[in-house]
Amino acid sequence: MEKYNFKIKYSGAGVYCIKNLINEKSYIGSSSNILSRWRQHLRALEKGNHHSKILQRAYNKYGLEDFEFIILEKCEKSKNIIVELEQLYLDSKKPEYNCYP
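Residues numbered from 1 in each chain as written. Predicted model: local features only at pLDDT ≥ 70, side-chain atom pairs only at ≥ 80, totals over all residues. Heavy atoms only, no water.

1. Some remarks on the packing of aromatic side chains
Across all of its chains, the model carries three aromatic pairs by this definition. When the ring of W38 is compared with that of F69, the centres are 4.7 Å apart and the planes differ by 55°; the resulting orientation is tilted. With W38 in helix 1 (residues 34–47) and F69 in strand 4 (residues 67–75), this residue pair connects regions lying 31 residues apart in the sequence. A relative accessible area of 5% places W38 in the buried class. Relative to Y97, the ring of F67 has its centre 6.5 Å away and its plane inclined at 45°; by these criteria the two rings are tilted. Separated by 30 residues along the polypeptide, F67 in strand 4 and Y97 in the segment after helix 3 (79–93) bring together distant segments of the chain. Of the two residues examined, F67 and Y97, each falls in the buried class. A cation sits over an aromatic face here: K74 above Y10, 4.4 Å from the ring centre. (Phe/Tyr/Trp six-rings, centres within 6.5 Å; stacked < 30°, edge-to-face > 60°. Helix = DSSP H or I, 4+ residues; strand = E, 2+ residues; numbered from the N terminus. Buried < 20%, exposed > 50% of the residue type's maximum accessible area, 1.4 Å probe, protein only. Lys NZ or Arg CZ within 6 Å of the ring centre and 35° of its normal.)

Quick look at the structure:
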């Protein structure tokens, strides 16, 4: 597990977590390019239109400095493996900022 405040350099595939350092709540996701995905999250949060309204509200309240980006697991770029790993983390951690139907 690698923790970053915002200087992510890893552009490979894997599962990541955006963690609120104040209340310990988190968002878990996966991507074939973690660096690119982090930039997408950051742009959406800065614009105020992140797809997770709960994460957006927390970002608006606490600000970027109170969040940490964590690479939970690096893996092969196989879409099936990435999605399976993400689901394992979602099931075990039950992150509060993820949107569930």
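So, next bit.
2. Some details on unusual backbone geometry
Of note, the phi angle at E24 is positive, near 70°, even though the residue is not glycine. Relative to the helices and strands, E24 is located in the loop between strand 2 (13–20) and strand 3 (26–31). Taking relative accessible area as the criterion, E24 reaches 47% and is therefore assigned partly exposed. Residue K94 is not a glycine yet carries a positive backbone phi of 50°. Checked against the element boundaries, K94 lands in the segment after helix 3.

3. Here's the deal with the environment of Y97
The class of Y97 is buried, set by a relative accessible area of 2%. Sequence spacing of Y97 and S52 is 45 residues, and the spatial spacing of their C-alpha atoms is 6.6 Å. Sequence-distant contacts of Y97, defined by excluding residues within four places in its chain, comprise N20, N23, K25, S26, Y27, S52, I54, L55, A58 and F67. (Contact = heavy atoms within 4.5 Å.)

4. Brief notes about the packing of helix 1 against helix 2 (residues 53–62)
Between helix 1 and helix 2, the least distance of the axes is 9 Å, while the angle of their chain directions is 65°. Relative to helix 2, the element helix 1 lies roughly perpendicular. Considering how the two elements wind past one another, helix 1 and helix 2 form a crossing that is right-handed. Between helix 1 and helix 2, the contacting residues are A44, L45 and E46 on the first element and L55, Q56 and Y59 on the second. Split by residue class, the contact of helix 1 with helix 2 holds four nonpolar, one polar and one charged. (Axes fitted to C-alpha atoms, helices over the stretch in contact; angles between N-to-C directions. Parallel < 35°, antiparallel > 145°, perpendicular 65-115°, else oblique. Left-handed = near helix turned anticlockwise from the far one by under 90°. Nonpolar A, V, L, I, M, F, W, Y, C, P; charged D, E, K, R; others polar.)

5. A closer look at the nonpolar core
In this structure, I18, I34, L55, F67 and F69 are the most contacted members of the largest nonpolar core, which totals 18 residues. When contributions to this core are tallied by element, the ones reaching two or more residues are strand 2, helix 1, helix 2 and strand 4. Among the elements that take part in this core, helix 1 stands out by supplying five residues, more than any other. Every residue in contact with I18, bar those within four places of it in the chain, is listed here: K25, S26, Y27, W38, H41, L55, F67, E68 and F69. Among the nonpolar cores identified, the runner-up in size contains eleven residues, and C17, I28, L85 and L90 belong to it. (Core = buried A, V, L, I, M, F, W, Y, C linked by side-chain atoms within 4.5 Å.)

Such coordinate-based values are descriptive only and should not be taken to indicate function.
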